[in-house]
Amino acid sequence: MKIPRRWHDWSKLKKTGRGYTRRELTVVELLREVARRRPPKSFLNIGFHDYQDVRNRWWIDICRANNIDWHILEVYPPNVDNFLAEAPASDHHRITCGNLLDLGRIYQRTFDVILHWHGPEHLRREDFLTCLPQLLEHSRLVTILGCPDGEEEQGQAYGNPYEEHLSFWRREELESLGFTVQAVRDKAPGHLTAYRLHPDLA
């Protein structure tokens, strides 16, 4: 798998050598491992904002470098509007406005990779547990989660009510759900990257 250097982000380039944060690198290495077994052809990212900020496009850069068909499910309409205003017109079909809780109704297809990056904490615990089976069913190779390690309070941000943190997760809780978990101790409270491989790939 090709992992492009991100020369436009010098601070990350200095820290990690490729321009990705330590958190992002956990996904980079996981995607490399998955690709050794079966190169992914499709990718769904849950939640996205500010396309004009290159720091948010790290996974898009990887998809583009590897000809992976990428898509976004975003619940907040102004974030969808921002994408349509800032992204190339040729990519406008890639974003869908909708709620993760309706994933099965929105997508009548599966994806090789599903990334819910800093997403679980924005759902009530019972809602996340309700939609988790849909996430796993729609993933052909791997489902990846990213969230704070434990409690991190956050209210609404930039007028977006979906940015509020509604639940908190610990490593052992995600492991009890069948995920392999890697902790990143970069800043308090820390970060968890959790993934579940499809049984055919495990």
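In this report, we go over the structure that sits alongside the text. Please read these numbers as outputs of a predicted model, since none were measured by experiment.

### Focus on the overall build of the chain
Here's step 1: Helix and strand content of the chain: seven helices and seven strands.
Here's step 2: Burial statistics for the chain: of 202 residues in total, 48% are counted as buried.
Here's step 3: Partitioning the intrachain contacts of the chain with sequence separation of at least 6 by distance along the chain shows that 68% fall at a separation of at least 24.
Here's step 4: Of the roughly 9,800 Å² of accessible surface on the chain, 48% is carried by carbon and sulfur atoms.

### Digging into the pattern of salt bridges
Here's step 1: Under the criterion given, the structure shown has 17 salt bridges.
Here's step 2: For the salt bridge of R170 with D149, the shortest nitrogen-to-oxygen distance reads 4.0 Å. Of this pair, R170 sits in the loop between β5 (139-148) and α7 (171-176) while D149 sits in the loop between β5 and α7, and the two are 21 residues apart along the sequence.
Here's step 3: Of the residues examined, R170 reaches a relative accessible area of 42% and is grouped as partly exposed.

### Some details on the pairing of β5
Here's step 1: Most of β5 is tucked away, with nine of its 10 residues classed as buried.
Here's step 2: Looking at chain direction, strand β4 (residues 111-117) and β5 are connected through six bridges and run parallel. Across the sheet, I114 pairs through a bridge with T143, a residue of β5.
Here's step 3: In this view, the connection linking β4 to its parallel neighbour β5 by way of helix α6 (residues 125-137) has right-handed handedness.
Here's step 4: Relative to strand β7 (residues 191-197), β5 is paired through seven bridges, and the arrangement is antiparallel. Note on β7: the bridge partner recorded for C147 is L192.

### Quick notes on the pairing of strand β6 (residues 180-184)
Here's step 1: Sheet topology places β6 next to β7; five bridges connect them, and they run antiparallel. Looking across to β7, one finds that A183 is bridged to L192.
Here's step 2: Counting the residues that bridge the hairpin from β6 to β7 gives six residues, and of these G190 lies at a positive phi of roughly 90°.

### Brief notes about the nonpolar core
Here's step 1: Ranked by internal contacts, the top residues of the largest apolar core, which has 30 residues, are F43, W58, W59, W70, F83, L115 and I144.
Here's step 2: Going through the elements one at a time, α2 (22-37), α3 (58-65), β2 (69-74), α4 (77-86), β4 and β5 are the ones with two or more residues in this core.
Here's step 3: Counting residues in hydrophobic clusters, the runner-up holds 21 residues, among them L100, L103, L123 and L192.

Each value, and the rule that gives it
Residues numbered from 1 in each chain as written. Predicted model: local features only at pLDDT ≥ 70, side-chain atom pairs only at ≥ 80, totals over all residues. Heavy atoms only, no water. Helix = DSSP H or I, 4+ residues; strand = E, 2+ residues; numbered from the N terminus. Buried < 20%, exposed > 50% of the residue type's maximum accessible area, 1.4 Å probe, protein only. Contact = heavy atoms within 4.5 Å. Areas by Shrake-Rupley, 256 points an atom, 1.4 Å probe, with all protein chains shown as cover. Salt bridge = Lys/Arg side-chain N within 4 Å of Asp/Glu carboxyl O. Pairing = 2+ DSSP bridges. Right-handed = clockwise from strand over helix to strand, strands pointing away. Core = buried A, V, L, I, M, F, W, Y, C linked by side-chain atoms within 4.5 Å.

What is shown is where atoms sit, not what they do.
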